[in-house]
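An overview of the molecular structure
Okay, here's what each chain looks like letter by letter:
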Amino acid sequence: MSPRPASQPEARPTTPGAQFGQLGVAMNTGPQPIPAHLNAGSRGRPGPLLEDLKALPSRVSVRLRLTVLYGLLFFMAGALLLFVTYLLVNTILDEVFPSGYIIIRKPDGAITDPDLVKDLAMRQLVGRSLLALAGVGIIALVLGYFVADRALSPLQRMTATARRLSESNLHERIALQGPEDELKELADTFDAMLERLGQAFDSQRRFVGNASHELRTPLAINRTLLEVALGDPDVSDDLRTVGKTLLANNARHERLIEGLLLLARSERELTTRTPVDVADVATTVLENVRRREDELPNEVTVHRELTPGTTSGDPVLLEHLVSNLVDNAIKHNDDGGEVWIRTGVLDGVTTVQVENTGPVVPGYEVERLFEPFRRLNADRLESAKGAGLGLSIVRSVVLAHRGTVYAAPRPGGGLIVTVRLPVG
C-alpha cells in the first residue's frame, strides 16, 4: 500500500509555541526572512532620525549627508557674517571714539580711556555672537534634517514601490504629483519602465497559455487513438509495445502542458482572494493522494501534523501548491521512506512545511531546484519523475500570494520545504 498515513496525533493547544513542536525545530535549518507586511506599521518603531543615528557607524545616508551639508553651509555663512560684523562695528567705534581726543567720564567722576571701552565692546560682541551662532546652528541642523527628509520623500516613495513590486503586481505605479522637476522626471521614467516590463510579462504569459492550449487538443486526440488501437484484441505484441511507449510519452507531454498552464496562471496577479485554511487544503490533498496510491512510484509513510492556519488567496492555486510539495516529496523518496506534512501558524505567519527522506541533496543544488525543468542530478531528458515544474509552480503560487518559500537539505537525505504566507 502506498502511501501509508501515520496515526493522527492528538489535538494540541492552538498557541503558536505548542502547535509547532516539531515544525519550529525543522524551520531553524534554514534562514527565516521576516515578510515585509509583518514589519509595516508596527507600533513603537523609532523615527527616521533615530534610525539614521543608529546606522551612522556603518553607513551615512543621503539624508544625513544633506543635513551635514546644510549645517556646514550655515556655519560658514554665520562665521562670514560674524567677521563682517566685527569689522563694521570696529570701524564705527573708531569713528565714534577717536583715540586721544575724547575722554569718557564715569558717573563716579573717574576718567576712562576710549580704547578700553572699544576693546570691552568688541569682546562682548564676539562672545555673544559665537553663542548665538552655536544655538542657531543647532536649530539649523535639525531644520535641515527635516528639510532634507521632505526633499527626499519622492525618492522614498519610489524605493517603497520598487520593494513591493514583483511579477504579479507590476501594475502599480508611483504617479508622482508635483512640479516638472528632476524627481518628477525620474518617477515618470520609472513608471514607463514598469509599463514596458508589465507588457513583456503579460506577452510571455499569453504566449505560454495560448501555446499550451493549442497543444492540448492534438495530445488528447493522440491519446484517444492510441487507447483505441491498444484496445483491439488482434493487435500484435510489437505494436502493443510501441503503443504503450507512445501512450506513456503522450501522458508525459500532457503533464508538461498542464504544468505550463498552471505556471502561467500562477504568475498572474490574483484577482480574487478568499480565506483559506491550509489545514483543510492539506487534508484534501492527502485524501487525493490516498485515492491514487496505486499510481505512485514509491511506498512511503505519511505523517500529518495539521493545525489550523488561515491565509487569503486562491483556494485552487493553494491546493496545487500543497499537492506539488507532497507529490515531490513522494516521488523523490526512497521506497519505504517517510513524509511529514505540517501546517499552522508560527510567529504570526501561516506556515506549510513538507519534509521527506530520500537521496542526499547538496546545499548548493537547493536553490536551482525552484527553476523550471530542473531536477536533482538529472537533465531534461529524464522524465520518469515528472516534467520538472513542481517546485517552480510552488514558488510562483507563493509569490502570487505575497509569501516566501525556502528549502533546506534534510540531515541524512531528503529535503525540507517551508512555505510562509500572510495570515488572512
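Cut-offs and rules
- Residues numbered from 1 in each chain as written.
- Predicted model: local features only at pLDDT ≥ 70, side-chain atom pairs only at ≥ 80, totals over all residues.
- Heavy atoms only, no water.
- Helix = DSSP H or I, 4+ residues; strand = E, 2+ residues; numbered from the N terminus.
- Buried < 20%, exposed > 50% of the residue type's maximum accessible area, 1.4 Å probe, protein only.
- Pairing = 2+ DSSP bridges.
- Axes fitted to C-alpha atoms, helices over the stretch in contact; angles between N-to-C directions.
- Left-handed = near helix turned anticlockwise from the far one by under 90°.
- Contact = heavy atoms within 4.5 Å.
- Phe/Tyr/Trp six-rings, centres within 6.5 Å; stacked < 30°, edge-to-face > 60°.
- Core = buried A, V, L, I, M, F, W, Y, C linked by side-chain atoms within 4.5 Å.
- Salt bridge = Lys/Arg side-chain N within 4 Å of Asp/Glu carboxyl O.

A tally of regular secondary structure across the protein gives eleven helices and ten strands. Looking at the protein residue by residue over its 424 residues, the buried ones come to 37%.

The subject of this paragraph is the pairing of strand β8 (residues 349-356). In terms of residue burial, β8 counts as a mostly covered element, since eight of its eight residues are buried. The alternating pattern of β8 places Val349, Thr351, Gln353 and Glu355 on one face and Thr350, Val352, Val354 and Asn356 on the opposite face, and all of these are buried. The pairing of strand β7 (residues 338-346) with β8 spans eight bridges and is classified as antiparallel. Bridge pairing links Trp340 to Glu355 in β8. Connecting β7 to the antiparallel partner β8 that follows it, the hairpin turn spans two residues, and Asp347 within it adopts a positive phi of roughly 55°. Sheet analysis places β8 next to strand β10 (residues 415-421), joined by seven bridges and oriented antiparallel. The residue of β10 that forms the bridge with Asn356 is Leu415.

Okay, helix α11 (residues 390-400) next. With eight of eleven residues buried, α11 is to be regarded as a mostly interior element. Along α11, the residues that are buried comprise Leu391, Ser392, Ile393, Val394, Ser396, Val397, Val398 and Ala400.

In contact at an axis separation of 9 Å, helix α10 (residues 315-331) and α11 are set at 145° when each is read in the N-to-C sense. Once α10 is placed against α11, the crossing between them reads as left-handed. Contacts between α10 and α11 involve Leu317, Leu318, Leu321, Asn324, Leu325 and Asn328 from the former and Gly390, Leu391, Ile393, Val394, Val397 and Val398 from the latter.

Across all of its chains, the model carries two aromatic pairs by this definition. Relative to Phe75, the ring of Phe74 has its centre 6.0 Å away and its plane inclined at 75°; by these criteria the two rings are edge-to-face. For Phe74, a relative accessible area of 27% puts it in the partly exposed group. According to the relative accessible area criterion, Phe75 is partly exposed, its value standing at 31%. Relative to Phe146, the ring of Tyr145 has its centre 5.8 Å away and its plane inclined at 90°; by these criteria the two rings are edge-to-face.

Leu321, Val322, Leu325, Val326, Ile341 and Val419 are the most contacted members of the largest nonpolar core, which totals 40 residues. Listed by contribution, the elements that provide at least two residues to this core are α9 (278-291), β5 (301-306), α10, β7, β8, α11, β9 (404-409) and β10. Of the residues forming this core, the biggest block, eight residues, is contributed by α10. Setting aside anything within four residues of it in sequence, one finds Val326 in contact with Val285, Leu286, Val289 and Ile341.

Here we take up unusual backbone geometry. The backbone of Asp347 shows a phi angle near 55°, a positive value even though the residue is not glycine. By the element assignment, Asp347 lies in the loop between β7 and β8. Of note, Arg402 is a non-glycine position whose phi angle comes to about 60°, a positive value. Mapped onto the fold, Arg402 is located in the loop between α11 and β9. The exposure class of Arg402 is exposed, given its relative accessible area of 54%.

Oppositely charged side chains are able to pair whenever their charged atoms sit close together. Throughout the structure, instances matching the rule amount to ten salt bridges. In this structure, a network of salt bridges that share partners links the residues Glu305, Arg342, Glu355 and Arg410.

Position of Asp327 among the secondary structure elements: in helix α10. Contact partners of Asp327, with chain neighbours within four places excluded, come to Val289 and Arg292.

The values reported here are purely geometric and, on their own, carry no functional implication.
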